[in-house]
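# Coordinate inspection notes
Here is how the chains run, residue by residue.
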Amino acid sequence: LGIAYLASYIRKYHSSDSESIKISLLNYIPKSLDKIKNLKPAIIGISALTEQYSDAIKFAKSIKETCDVPLIIGGQHISMLPSSFDPIFAFGIIGEGEQTFLEVINLVLSESNYIKKLANINGVIFYKNHKLIKTPPRSLIKNLDEIPPPARDLFNMDFYLSEKKNVFGLTFGRGLHMFTSRGCPYNCTYCSSSAFWKHIRYHSAEYVINEIKTLINKYKVKYIHIFDDLFVFNKKRLSKIVELIVENKINKQVSFGVFARVDHIDTETCLLLKKMNVNFIEFGIESGTQKNIQSLKD
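### A closer look at the packing of helix α2 (residues 32-39) against helix α3 (residues 53-66)
Packing of α2 against α3 leaves a shortest axis separation of 10 Å and a crossing angle of 40°. One element, α2, and the other, α3, form an angle in the oblique class. At the point where α2 passes α3, the crossing takes the right-handed sense. Contact with α2, carried on its side by Ser32, Leu33, Ile36 and Lys37, involves Phe59, Ser62, Ile63 and Thr66 of α3 and no other residues of that element. Of the residues contributing to the contact of α2 with α3, the split by class is four nonpolar, three polar and one charged.

### Digging into the state of the cysteines
Tallying each qualifying case throughout the model produces zero disulfides. With no disulfide partner, Cys270 has as its closest neighbouring cysteine sulfur the one in Cys184, 19 Å distant. Residue Cys270 is classed as partly exposed on the basis of its relative accessible area, which comes to 37%.

### Let's talk about the pattern of salt bridges
Counting across every chain of the model gives eleven salt bridges. Two residues, Lys117 and Glu111, come together in a salt bridge whose shortest N-O distance is 3.0 Å. Among the residues examined, Lys117 registers a relative accessible area of 38% and is labelled partly exposed. Through salt bridges that share partners, Glu96, Glu98, Arg182 and Arg201 make up one connected network.

### Notes on unusual backbone geometry
One non-glycine residue, His130, adopts positive backbone phi at about 65°. Checked against the element boundaries, His130 lands in the loop between β4 (124-128) and β5 (131-134). For Lys249, which is not a glycine, the phi torsion comes out positive at approximately 60°. With respect to the element layout, Lys249 can be found in the loop between α9 (235-247) and β10 (255-260).

### Here we look at the sheet that holds β5
Ordered in space as β1-β2-β3-β4-β5, the five strands form an open sheet in which the pairing is mixed. Two strands in the sheet have a free side with no partner beyond their single neighbour: β1 (44-47) and β5. Each neighbouring strand pair of the sheet contributes to a mean axis angle of 25°, computed without reference to strand direction. Sheet topology places β4 next to β5; four bridges connect them, and they run antiparallel. Across the sheet, residue Tyr127 finds its bridge partner in β5, namely Leu132.

### Digging into helix α5 (residues 98-110)
The end-to-end C-alpha distance of α5, which contains 13 residues, comes to 19 Å, matching closely the 18 Å that a straight helix rising 1.5 Å per residue would cover. Of the positions making up α5, those classed as buried are Glu98, Thr100, Phe101, Leu102, Val104, Ile105, Leu107 and Val108. On the buried face of α5, the contacting elements are α1 (2-13), β2 (71-74), β3 (91-93), β4 and β7 (181-182).

### A word on the packing of aromatic side chains
According to the stated counting rule, one finds ten aromatic pairs in the structure shown. Members of the aromatic cluster, joined through ring pairs, are Phe85, Phe89 and Tyr127. Geometry around Tyr5 places Arg182 over its ring, the cationic atom sitting 5.1 Å from the centre. Lying over the aromatic face of Tyr186, Arg261 brings its terminal NZ or CZ to 3.6 Å of the ring centre.

Calculation notes
- Residues numbered from 1 in each chain as written.
- Predicted model: local features only at pLDDT ≥ 70, side-chain atom pairs only at ≥ 80, totals over all residues.
- Heavy atoms only, no water.
- Axes fitted to C-alpha atoms, helices over the stretch in contact; angles between N-to-C directions.
- Helix = DSSP H or I, 4+ residues; strand = E, 2+ residues; numbered from the N terminus.
- Parallel < 35°, antiparallel > 145°, perpendicular 65-115°, else oblique.
- Left-handed = near helix turned anticlockwise from the far one by under 90°.
- Contact = heavy atoms within 4.5 Å.
- Nonpolar A, V, L, I, M, F, W, Y, C, P; charged D, E, K, R; others polar.
- Disulfide = S-S within 2.5 Å.
- Buried < 20%, exposed > 50% of the residue type's maximum accessible area, 1.4 Å probe, protein only.
- Salt bridge = Lys/Arg side-chain N within 4 Å of Asp/Glu carboxyl O.
- Pairing = 2+ DSSP bridges.
- Expected span 1.5 Å × (residues − 1).
- Phe/Tyr/Trp six-rings, centres within 6.5 Å; stacked < 30°, edge-to-face > 60°.
- Lys NZ or Arg CZ within 6 Å of the ring centre and 35° of its normal.

Structure below.
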C-alpha cells in the first residue's frame, strides 16, 4: 500500500493533469526487466525492507543495463540506515515519501542536471562528489486526509482478492488490507515504526468509512484487515468509527481484523470491536519471559 499511496498522491497533486502522468507498479521478478524496457520510464522507484535491500541493489544494477534513468530507493531500510545507501541509486527518499517523491519527480522531469538542486529538497540522500549528502528531515503531513486512498487500481487485484490469500495462515475469504492511521504512540526498541513515523497520526473517521465503502462496493470484499500498528489506542476515535460502521450497516457486510496490545484491551474495547464485527485480533506478545519483555518495552 505504501507505493500505492505515492501513486495516488502524485495523481492528485502533480502540477500537470493526471492523464499525462503514467504510473506502473511492478513486482520484483525477472520478467520485470522486459516490462520496464517496454514502458520506457522517465524515473524508477524501488522500495525495500532490510531483508530485501541486497536484492534491490542487484535489481537496480540489472535495470541500469537496460534503462539509463534515475533510480530511487525508498522504504523502511534506507530510512533507518541511510549510511547503507548504494551509489547505484541516484538518490534515496528518507521517511514519509508522498511530498518528497512529488518534489523529486517535478525536479527530475524539469531539470536535466537535477543533482545540483537535490539539496533543496528535504528528506533525500544522495552522493555528490563522492560525498554522502543527507538533507534535513521532511516535515510529516499533518492532515492525513489530504492523502487520497491508495491507488489499488494499479495492482493486479484479482491476485490480491483470491480466496486462497490469507492473513497469518488464516483464510477469511475475499479480503483486503487498509490503514486508518500512521505510527504508534509507543517506542519499543525492536520496532521501526516509531523511528519511521515519529508519532501517531489519524485519518478522520469519515475518511475511514469512505475507504471501507469503496472496498465493499468496488472490490466486493467480505473481510478487511486494518493494518494500523495499534488500531485500538484512541478509544474515542474507535467509538466514532464503530458508530459510523453500524450506522452504515457495514458490520452486516464485512468482518474485520486488527492489531492490538494486551494493555489496551478491556471490556469496553472488546464490546466495541464485537459491534464492529471484528473476528481476528493479533497481539504482540513478544516473549514469555518478563525479563525480556521489560528490556523490549518503550
